[in-house]
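Below, each chain spelled out in residue letters.
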Amino acid sequence: MAMPTLPDSRTEPDGSAVIRVLSYNIRSMRDDRAALARVIRACEPDLVCIQEAPRFFRWRKYASRLARATGLVVLGGGAPAAGPLLLCSLRATVESAEDVLLPLTSGLHRRGFATAVVRFGRARLGVVSCHLSLHAGERLEQAGMLLDRLKGLDAPHALAAGDINEGPSGRAFRLLADELQDGWAVSPRGAEHTFSATAPARRIDAVFATPGIEVLTCGVPTGLPGLAEDDLRRATDHLPVLATLRVPAP
């Protein structure tokens, strides 16, 4: 069976917007930064939901450099969100952005959400980049907080993208998939497994969308001009997830 064509970003005659959304754990840019930039550029995203962005010394400089290297701009997140970061193209009109820190559990890493409300033409969309806990119980609680945050964005449509730290059979993943569309399950394109980049065997990264959004394609990007398999292995320890979505206009 032929791989579905990856739709280009565009505004439809009815005012709806087709957008490309990339979710990517970049391991604090500790790997091949040039390869990382090439991967992101090849995907031509309108929104990038990053996890494990640099968040300590000179983190703003690293975020700005990544944005410049990929032809994007920093929307929000980074250290104030404990790692999740949002980048966007100039096609996006930003209405608001907020960094959210989640409750800290003693002995575990601090987690947070990078959130925003953006418009593409007349289509209005809430966005959350997330990286859930390694601890199963805390991860489940954070999945519930994520759903609450999406509802609280006061946007007609919303998406969440990130490192869930468990596969589709996990309780937190199932909680999200019960209320949202799991992009890969709805319209798979490309490869499924996201971790590890050198020997992918698990799907722990995902893009979720509220029911009113049409998921056109979703999966680890393959077969794109300028996207080299070696770059995917060298850029970081996760593989990215690229989704194309049609967001309705009011």
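None of the values given here were measured: they were computed from a predicted structure.

Enquirer: Describe the overall build of the chain, with residues and values.
Expert: The helix and strand inventory of the chain stands at six helices and 13 strands. Structurally, the chain occupies a C-alpha span of about 50 × 40 × 35 Å along its principal axes. Counting the 250 residues in the chain, one finds 56% classified as buried. In the chain, the proportion of contacts linking residues at least 24 apart, taken out of those at least 6 apart, comes to 71%. Of the roughly 10500 Å² of accessible surface on the chain, 52% is carried by carbon and sulfur atoms.

Enquirer: Any chance you could break down helix H2 (residues 59-70) for me, citing the residues and the numbers?
Expert: Compared with an ideal rise of 1.5 Å per residue, which puts twelve residues at 16 Å, H2 spans 17 Å between its outermost C-alpha atoms and is within 8% of the ideal. Where H2 is concerned, the buried positions are Trp59, Ala63, Leu66, Ala67 and Thr70. On an axial view of H2, the arc spanned by its buried residues comes to 100 degrees, and they lie on one face. Where H2 is buried, its residues contact helix H1 (33-43), strand E3 (47-51), strand E4 (73-77) and strand E5 (85-88). A positive phi of about 70 degrees marks Gly71, the residue just after H2.

Enquirer: Can you lay out the packing of aromatic side chains for me, pointing to particular residues and giving the numbers?
Expert: Applying the stated criterion to the full structure yields one aromatic pair. A ring pair is formed by Phe173 and Phe208, whose centres lie 5.2 Å apart and whose planes are at 65 degrees; its orientation type is edge-to-face. One end of the pair, Phe173, is in helix H4 (residues 171-179); the other, Phe208, is in strand E11 (residues 205-209), and 35 residues separate them in sequence. Accessibility classification places Phe173 together with Phe208 in one group, the buried group. One cation-aromatic arrangement involves Lys61 over Tyr62; the distance from NZ or CZ to the ring centre is 4.8 Å.

Enquirer: Requested: an account of the pairing of E11, with residues and values cited.
Expert: With five of five residues buried, E11 is to be regarded as a mostly interior element. In this structure, strand E9 (residues 158-163) lies alongside E11, joined through five bridges in antiparallel fashion. By the bridge assignment, Gly162 is partnered in E11 with Ala206. Sheet analysis places strand E10 (residues 181-182) next to E11, joined by two bridges and oriented antiparallel. Bridge pairing links Gln181 to Ala209 in E11.

Enquirer: Lay out the sheet that holds E9 with the relevant residues and their values.
Expert: Read from one edge of the open sheet, six strands run E6-E7-E8-E9-E11-E10, paired in mixed fashion. In this open sheet, the two edge strands, each paired with only one partner strand, are strand E6 (93-101) and E10. Where strand E8 (residues 123-131) lies against E9, six bridges are found, and the strand directions are parallel. Bridged to Cys130 within E9 is Gly162. Here helix H3 (residues 136-152) sits on the sheet in contact with E6, strand E7 (112-120), E8 and E9, set at roughly 25 degrees to E7. Sheet strands touched by H4: E10 and E11. Its angle to E11, the strand with the most contacts, is close to 25 degrees.

Enquirer: Requested: an account of the environment of Ile40, with residues and values cited.
Expert: By secondary structure assignment, the location of Ile40 is in helix H1. Separated by 101 residues in sequence, Ile40 and Glu141 have C-alpha atoms that sit 31 Å apart. Excluding anything up to four places from it in sequence, Ile40 contacts Leu22, Tyr24, Pro45, Val48, Leu66, Thr70 and Leu72.

Cut-offs applied
- Residues numbered from 1 in each chain as written.
- Predicted model: local features only at pLDDT ≥ 70, side-chain atom pairs only at ≥ 80, totals over all residues.
- Heavy atoms only, no water.
- Helix = DSSP H or I, 4+ residues; strand = E, 2+ residues; numbered from the N terminus.
- Buried < 20%, exposed > 50% of the residue type's maximum accessible area, 1.4 Å probe, protein only.
- Contact = heavy atoms within 4.5 Å.
- Areas by Shrake-Rupley, 256 points an atom, 1.4 Å probe, with all protein chains shown as cover.
- Expected span 1.5 Å × (residues − 1).
- Arc of directions from axis to C-beta.
- Phe/Tyr/Trp six-rings, centres within 6.5 Å; stacked < 30°, edge-to-face > 60°.
- Lys NZ or Arg CZ within 6 Å of the ring centre and 35° of its normal.
- Pairing = 2+ DSSP bridges.
- Axes fitted to C-alpha atoms, helices over the stretch in contact; angles between N-to-C directions.

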